[in-house]
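# Summary of the model geometry
Each chain, letter by letter, is given below.
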Amino acid sequence: MVIKMDIVFSDEVKKAIEGKGLKVDDIKKVIEGAEASNDKITNGSKFIAKKVLGDVTVYADYSVGGSITVNSGYAHKMKLQDIVMDTADSEWTYVKNGKKIRKGHTNLSFMGATRSAPSLVDPASGESWLEEYLAAKTIAVAEMLFSQKRA
Amino acid sequence: MRVRGFIMGYEELFPKNDLSGWHANAVKRFASPFVDNFHDRIDVDPIILSNAAVNCGFTIRDFYEKPELGIHCVGYISELYDLLPVTHWFFSLPWVRELGITLEYKDTLPPVPTGPILDANGVENMQPISKQDLLKGSTVPLFYGLYDYVQKNLGHTLVPISYGFDLVGAAAELIGVEEFIMWTFTEPDLAHKLVDSYVATSINGAEAMADKYGFAMLIVGSVLANNDIFADEQVEEFSAKKMGYYVDQCFRRGAGPQVFYHLCGNHETDYKVFKKNLLWSPFNVLHIGYQGPKVFPSDLLKKEFQDVTTCMGSVDTKLMINANPAKVYDQAKESLLAGRDSKKGFILGTSCETPPYTIPGNLLALTRAARDFGTYGTW
């Protein structure tokens, strides 16, 4: 049985999410999907979940107490592909299979090119996640450069 | 600059680049290896620095003492040899002045330190320089001024770059290179503290660059830490791991995503410790200078690293001052044939900065070889 919890966004978080061109409803969809399937990673104090919505991969960073509190939301356009390598343990665990998440690199494809980027990976399932600082900064600039250079 | 009694800006010394012809084509070619949009031929990057000034009639000292003049020489002369459409200007010791070192300009060399400034006690008490203090120092204002000049006069070549450069080598200058090498055996904790302080300062500097320009390409290398001096384990602990940390922290502060990894000197066996320790972004280039006394083979470079980075092959810099362009051409051909089908692209380079007095015929030989053999795979 899935108990549905309230999903709470502070005004500040809501503003930040909308400032990135994302919808609050999209973040809710990511969380609802993750809570129903356990498809999420945790470091013991919070969770990160992802879902492909249209052309972007949307992430929710949230904590669970009496309700679900959203810490942030972010996204990237580059598509996650295969894991290139894993190099060290991280503080994260994949809730779905209980495996320790590793730091590593994952191939990302965008506009016909495939390049790797640092990521969190689960070699057992082949799943990868990008942390917020990478998606919001490094990968966002990379997407802009790809668009310029492919033009 | 005063020429015959008139004050001139450096920009008045140079005709404008051919923007619609040479530069437009070079831009498309430069993008090729990063976005799989193959164009023209494999690019050539002989890491041209003071050679550009010499080629324009100035001196090595001019190049380093007058950064705006130096970078304009690079932008101008790149057209002659059909090189990269972007400019760079640097020397190997950024951030050390803020940490207390005095640099002295020389007629035939990049700026060199006047001597070490710290002892063990000084290193124990050493603190990284904050971003706020770097903004008031010499390196950030130098690069802000330089890129302001490029934006105004060479905007078509602008790529803001932040240099960590040789994290171990620059830190070692603070206590003296020989002393540092000794410390890695006798006082490893202090040696780590020294390098970590330099790394933290460099990260703060990268953030200052990213704050102003929105992003900043990173150039970071392993020069002093190579197999002529250290075993693989030491290269990993003192250099590779700290390079990875530097890039990760720079990414967190908004610098990157472009990274140029420059492994200068002999990386005969230590090349194996870099892949797992470095961060590989969608836009990075890895360059390794030598394997023992020979240039690092492009086939090995490709085999080890092509799944994570664009590879940059090498022609021995010693050949660039040898009166034998055919030898340069032959080594360039060998490198191109071995590396040109690298999965994430290939660039032809020299094993380090091309020497100031590089023979023009040898630079032409590099480009000629790239035109003759620099196709991507069977393309």
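Residues numbered from 1 in each chain as written. Chains lettered and ligands numbered in written order. Predicted model: local features only at pLDDT ≥ 70, side-chain atom pairs only at ≥ 80, totals over all residues. Heavy atoms only, no water.

### Side note on helix 2 (residues 24-37) of chain A
Residues and elements named next belong to chain A. Its 14 residues give helix 2 an end-to-end C-alpha distance of 20 Å, which sits within 8% of 20 Å, the value for a rise of 1.5 Å per residue. For helix 2, every residue scored as buried is listed here: Val24, Asp26, Ile27, Val30, Ile31 and Ala34. Projected down its long axis, helix 2 shows its buried positions confined to an angular sector of 165°, all on one face. Those residues of helix 2 that are buried lie in contact with strand 1 (7-8), helix 1 (11-19), strand 3 (47-53), strand 4 (56-64) and strand 5 (68-76). (Helix = DSSP H or I, 4+ residues; strand = E, 2+ residues; numbered from the N terminus. Expected span 1.5 Å × (residues − 1). Buried < 20%, exposed > 50% of the residue type's maximum accessible area, 1.4 Å probe, protein only. Arc of directions from axis to C-beta. Contact = heavy atoms within 4.5 Å.)

### Regarding the domain arrangement of chain A
All names here are of chain A. According to the domain assignment, chain A consists of domain 1 (7-76) and domain 2 (79-149). Inter-centroid distance (C-alpha atoms) of domain 1 to domain 2 is 17 Å. Between domain 1 and domain 2, the residue contacts involve 20 residues of the former and 19 residues of the latter. Of the roughly 1,700 Å² buried between domain 1 and domain 2, counting both surfaces, carbon and sulfur atoms make up 60%. The tally of links between domain 1 and domain 2 comes to two salt bridges. Taken together, the links from domain 1 to domain 2 amount to 11 residue pairs in polar contact (both at pLDDT 80 or more). (Domains from an automatic or database assignment. Buried area = accessible area lost by both parts, 1.4 Å probe. Salt bridge = Lys/Arg side-chain N within 4 Å of Asp/Glu carboxyl O. Polar contact = N/O pair within 3.5 Å; in protein donor to acceptor, adjacent residues only side chain to side chain.)

### Quick look at the nonpolar core
Judged by nonpolar contacts, the single largest core of 151 residues is most densely connected at Trp89, Phe180, Leu218, Tyr246, Val247, Tyr261 and Leu366 of chain B. Top contributing element to this core by residue count: helix 10 (residues 188-213) of chain B, with 12 residues. Per-domain counts for this core show at least three residues from each of domain 1 (7-76) and domain 2 (79-149) of chain A. What Leu218 of chain B contacts, discounting residues up to four positions off in sequence, is Ser162, Ala206, Tyr246, Val247, Cys250, Phe251, Ala255, Gly256, Gln258, Val259 and Phe260 of chain B. One finds Val13, Ile17, Ile27 and Ala34 of chain A within the second-largest nonpolar core, a separate group that totals 18 residues. (Core = buried A, V, L, I, M, F, W, Y, C linked by side-chain atoms within 4.5 Å.)

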